[in-house]
Amino acid sequence: MTLHLPDAGGTLRAYEPRTEPFAAAAGTPFTSRTVFSAAHVVADPFADVSPDSPAAVDWDATLAFRRHLWSHGLGVAEAMDTAQRGMGLDWAGAAELIRRSAAEARSVGGKVACGVGTDQISGGSLAGIRAAYEEQLAVVEESGAQAVLMASRALAATARGPEDYLEVYGHLLRQAAEPVVLHWLGPMFDPALEGYWGSSDLDAATQVFLDVIAAHPDKVDGVKISLLDARREVDLRRRLPRGVRCYTGDDFNYPELIAGDEQGFSHALLGIFDPLGPLAAEAVRLLDTGDTAGFRALLDPTVELSRHLFQAPTRFYKTGVVLLAWLAGHQSHFTMVGGLQSARSLPHLARAYELADRLGLFPDPELAEERMRTLLALNGVNR
């Protein structure tokens, strides 16, 4: 049946939904790339909370979604910004998420890496920032998960220059029990991280980042780069010490970065692999066989959807991710922690539905159409 989808100009356009979904079977982990999906959390829609209350999480639905990702061979990057760290999910909620997800991973043999930050504090001294990082690192290591050292708003606000980043990260890397992933999240994802690594000049910041790694290469499994700049990522990737991996976090250019070139490639830790999970897994399996052209043919068409979801203000991409999880039947509602289901416009959400439907991302297209029709009707579209 025809849906009438609103556009940014206030008019409705007719759209005929797809009737057959993309078919992807469950599978084992990959051999050519390490791939993590940064997974969202499912809010509890019946909790009597306000947007600034501690997050109310539907743990059963949240863990079920992680089992879905693991079943396709993907690793789960837990308690990252996709899970609304600093945007509705506080440290207490993140710590519970880490413990539950790590335990679930052990029970099913899934791979999980968890975010370590400083979001239990808002600022303070370097000593306080180190202590906040240490508290979170201890929780992740005790859970048995791999640690991802995330960028810190508190450190960005407190650091006087590159030397403070070298001191804080050096301290943490010296005490980490196992090699960690260093995460450089750009200000397009979080404006509070402007000037990270001690400079707003990205060339200068890159050098500081590389200096941190060079001082402790045995403690760095890899780096996650989320700057939405493919050229810069490739340049940094080529400058990493041998054995240190680059995990792309570039939701604009991921197919070319994962495919790589004659000098190397990126692994992946991506928010867009939350809605793309089965399709992304199928593409990487083609890459495992050496079929780079097949990988690109399958994954390149997804970039239009990803660029739409991650358009500015990029930090609100989570709203589109959760919409697609609801439409795909992974959760029973379109409610988000902190009320962020309202963070994107109806035309934006309608376009997200259309692009995802064209890719066959909805296992039950009729359910997706019915739910989209309900959302449209709630917003005054009655055709």
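The paragraphs below set out a description of the structure included in this document. A quick note: this is a predicted structure, and the numbers were derived from the prediction, not measured. (Residues numbered from 1 in each chain as written. Predicted model: local features only at pLDDT ≥ 70, side-chain atom pairs only at ≥ 80, totals over all residues. Heavy atoms only, no water.)

A few words now on the packing of aromatic side chains. Both the distance between ring centres and the angle between the ring planes are used here to describe each pair of aromatic rings. By the definition in use, this model includes 16 aromatic pairs. Considering the side-chain rings of Trp197 and Phe209, the 4.9 Å spacing of their centres and the 50° angle between planes classify their relative orientation as tilted. Of the two residues, Trp197 is situated in the loop between strand 7 (180–185) and helix 6 (202–215) and Phe209 in helix 6; the sequence distance between them amounts to 12 residues. Comparing Trp197 with Phe209 shows no difference in burial state: the two are buried. Among the aromatic residues, those joined into a ring-pair cluster are Tyr133, Tyr165, Tyr169, Trp184, Tyr196, Trp197 and Phe209. Of note, Arg33 hangs over the ring of Phe265, and the distance from its end group to the ring centre comes to 3.5 Å. (Phe/Tyr/Trp six-rings, centres within 6.5 Å; stacked < 30°, edge-to-face > 60°. Helix = DSSP H or I, 4+ residues; strand = E, 2+ residues; numbered from the N terminus. Buried < 20%, exposed > 50% of the residue type's maximum accessible area, 1.4 Å probe, protein only. Lys NZ or Arg CZ within 6 Å of the ring centre and 35° of its normal.)

As a further point, take the side chain of Arg85. Considering the arrangement of structural elements, one finds Arg85 in the loop between strand 4 (75–78) and helix 2 (91–108). Looking at Arg85, its side chain comes within polar contact range of the main-chain oxygen of Gly115, at 3.3 Å. Here Asp119 takes part through its side chain, which lies 2.7 Å from a polar atom of the side chain of Arg85. Residues within four places of Arg85 in sequence aside, it is in contact with Ala79, Met80, Trp91, Ala94, Gly115, Gly117, Asp119, Gln136 and Met150. (Polar contact = N/O pair within 3.5 Å; in protein donor to acceptor, adjacent residues only side chain to side chain. Contact = heavy atoms within 4.5 Å.)

This part is about the pattern of salt bridges. Throughout the structure, instances matching the rule amount to 19 salt bridges. Between Arg67 and Glu104 there is a salt bridge; the shortest N-O distance is 2.8 Å. Residue Arg67 is located in helix 1 (residues 59–71), and its partner Glu104 is located in helix 2; the two are separated by 37 residues in the primary sequence. Owing to a relative accessible area of 17%, Glu104 belongs among the buried residues under this scheme. Taking the shortest distance from any N to any O, the salt bridge between Arg373 and Glu369 comes out at 2.8 Å. Placement of both Arg373 and Glu369 in helix 14 (residues 365–378) is noted, with a separation of four residues, approximately one turn of the helix. (Salt bridge = Lys/Arg side-chain N within 4 Å of Asp/Glu carboxyl O.)

Now for unusual backbone geometry. Residue Pro313 is bonded to the preceding Ala312 through a cis peptide linkage, with omega at -5°. Along the chain, Pro313 falls in the loop between helix 11 (303–309) and helix 12 (317–327).

Taken in spatial order, the eight strands close into a barrel running 3-4-5-6-7-8-9-10, and their pairing is parallel. Neighbouring strand axes in the sheet, compared pairwise and without regard to direction, differ in orientation by 25° on average. The pairing of strand 7 with strand 8 (residues 220–226) spans six bridges and is classified as parallel. Bridged to Val180 within strand 8 is Val220. Lying over the sheet, helix 2 contacts strand 4 and strand 5 (112–116), oriented at roughly 165° with respect to strand 5. (Pairing = 2+ DSSP bridges. Axes fitted to C-alpha atoms, helices over the stretch in contact; angles between N-to-C directions.)

Contact geometry for helix 1 and helix 2: axes closest at 10 Å, N-to-C directions at 45°. When the interaxial angle is binned, helix 1 and helix 2 end up oblique. Considering the relative orientation of helix 1 and helix 2, their crossing is right-handed. Two secondary-structure elements touch here, helix 1 through Trp59, Thr62, Leu63, Arg66, Arg67 and Trp70 and helix 2 through Gly93, Glu96, Leu97, Arg100, Ser101, Glu104, Ala105 and Val108. (Parallel < 35°, antiparallel > 145°, perpendicular 65-115°, else oblique. Left-handed = near helix turned anticlockwise from the far one by under 90°.)

Right, let's get into the nonpolar core. Ranked by internal contacts, the top residues of the largest apolar core, which has 120 residues, are Tyr169, Leu182, Tyr196, Trp197, Val223 and Phe273. The contact partners of Trp197, leaving out residues within four places of it in the chain, are Pro162, Tyr165, Tyr169, Trp184, Ala205, Val208, Phe209 and Val212. By size, the runner-up hydrophobic cluster in this structure holds 10 residues, among which are Ala77, Val181, Tyr247 and Leu269. (Core = buried A, V, L, I, M, F, W, Y, C linked by side-chain atoms within 4.5 Å.)

This next bit is on the pairing of strand 3 (residues 35–38). Covered by surrounding structure in strand 3 are Val35 and Ser37 together with Phe36 and Ala38, the residues of both alternating faces. The pairing of strand 3 with strand 10 (residues 267–270) spans three bridges and is parallel. Counterpart to Ser37 in the pairing with strand 10 is Leu270. Alignment of strand 3 against strand 4, held across three bridges, turns out to be parallel. For Phe36, the partnering residue across the bridge sits in strand 4 and is Gly75. With respect to chirality, the unit in which strand 3 leads through helix 1 into the neighbouring parallel strand 4 is right-handed. (Right-handed = clockwise from strand over helix to strand, strands pointing away.)

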